[in-house]
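# Examination of the molecular architecture
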Amino acid sequence: MKAKQQNLITKTWAKDRFAFGGSLLKNSNPKTKRRFVKGLPSHIVLKSSTARGHLSLLPQNRRIEKILSVHAQKHFIKILSVANAGNHLHILLQAPSREHQSNFLRAVSGHIALMMNKMMMNKISQSKSSQITKFWDARPFSRVVKAGRDLQNVLRYISINSTEIIGLPRDQVRKMFADIQAAIAAGQIPINRNIVAAGFG
């Protein structure tokens with residue numbers, strides 16, 4: 001997606017108040033609450049410019065999945081899809097309330113940041129100047145996802161991002177997904193629950 005198109009979409013999300021956090025926040029003390037609609041899922045993005053090289057999130061995928069699973073169970077969160085893209089995480093989730101979602105995001109972001117800080121300190125000197133004081137770039141970005149086409153697009157987008165962990169080139173993955181959609185449209189692949197869950201149909 002071109003940067004101009006992405007900026008237009010981001011502005012639309014902000015205007016409609018469906019999105020919150022990430023680069024949309026100019027300071028760390030927002031005057032509005034994170035958007036939440038009961039019954040609709042939220043697309044969460046946690047991004048870190050620090051997460052590169054030996055601090056990439058990719059090698060820690062199993063540990064991150066465990067952290068998500070533990071806190072999801074604790075806060076009654078239903079995780080629909082997850083993608084680890086190395087320097088950021090995509091999470092599509094459904095929460096029973098705003099409070100449950102906020103508590104989950106706070107716990108997960110804190111737990112992962114603590115894990116990565118410990119890794120950093122195991123590799124470098126214990127001097128105070130070398131400590132990471134802020135792992136995440138900003139508060140988690142979140143967007144309420146509408147049912148139907150919007151949800152399918154998000155599921156497909158997260159599925160494409162999830163291929164980062166196995167090292168497939170992004171262009172190759174996009175072509176593969178486009179070929180699948182074309183085959184579905186031509187009736188070569190039948191629509192079923194798994195296909196819809198992957199963002200197709």
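Structure report, in brief. Computed from a predicted structure; not experimentally measured. (Residues numbered from 1 in each chain as written. Predicted model: local features only at pLDDT ≥ 70, side-chain atom pairs only at ≥ 80, totals over all residues. Heavy atoms only, no water.)

Below, the discussion takes up the nonpolar core. Counting residues in each nonpolar core, the largest one holds 26 residues, and the members touching the most others are L57, F104, I112, M116 and W136. If you list the elements that add at least two residues to this core, you get β2 (42-47), α2 (61-74), β4 (88-94) and α3 (98-123). Ranked by the residues each element gives to this core, the list is headed by α3, at nine residues. Once residues within four sequence positions are removed from consideration, M116 is found in contact with L55, S56, L57, Q60 and F135. In this structure, A83, L92, V154 and L155 belong to the second largest nonpolar core, which totals six residues. (Core = buried A, V, L, I, M, F, W, Y, C linked by side-chain atoms within 4.5 Å. Buried < 20%, exposed > 50% of the residue type's maximum accessible area, 1.4 Å probe, protein only. Helix = DSSP H or I, 4+ residues; strand = E, 2+ residues; numbered from the N terminus. Contact = heavy atoms within 4.5 Å.)

This part takes up the pattern of salt bridges. Taken as a whole and judged by the stated rule, the model has one salt bridge. Across the salt bridge formed by D150 and R143, the nearest N and O atoms sit 3.0 Å from each other. Comparing D150 with R143, the two get one shared label, buried. (Salt bridge = Lys/Arg side-chain N within 4 Å of Asp/Glu carboxyl O.)

Its location among the elements puts H90 in strand β4. The buried category is assigned to H90, whose relative accessible area is 3%. Within polar-contact distance, the side chain of H90 engages the side chain of H43 at 2.9 Å. Each residue touching H90, except ones within four places of it in the same chain, is listed here: H43, I44, V45, S81, V82, A83, Y157, I158 and N161. (Polar contact = N/O pair within 3.5 Å; in protein donor to acceptor, adjacent residues only side chain to side chain.)

Here we come to unusual backbone geometry. Phi at F76 is positive, roughly 60 degrees, even though this residue is not glycine. For F76, the location among the structural elements is in the loop between α2 and β3 (78-84).

Here L55 is to be found in the loop between β2 and α2. Between the C-alpha atoms of L55 and M116, which are 61 residues apart in sequence, the distance is 6.9 Å.

Here we take up the side chain of S48. Structurally, the position occupied by S48 is in the loop between β2 and α2. Note on S48: relative accessible area 0%, which makes it buried. One polar contact links the side chain of S48 to the main-chain amide nitrogen of A51, over a distance of 3.3 Å. In terms of polar contacts, S48 uses its side chain to reach the backbone carbonyl oxygen of F135, at 2.6 Å.

Okay, the pairing of β2 next. Of all six residues that make up β2, five are buried, and the element is covered over most of its length. Pairing analysis gives six bridges linking β2 to β4, with the strands arranged antiparallel. Each bridged residue has a counterpart across the sheet, and for K47 the counterpart in β4 is H88. Judged from the four bridges that link them, β2 and strand β5 (residues 141-144) form a sheet pairing that is antiparallel. Across the sheet, the residue bridging to V45 is F141, located in β5. (Pairing = 2+ DSSP bridges.)

So, on to the packing of aromatic side chains. This structure, assessed with the given rule, holds one aromatic pair. Centre to centre, the rings of F135 and W136 are 4.9 Å apart; their planes meet at 80 degrees, and the pair counts as edge-to-face. Summarising the burial analysis for this pair, F135 and W136 share the class buried. (Phe/Tyr/Trp six-rings, centres within 6.5 Å; stacked < 30°, edge-to-face > 60°.)

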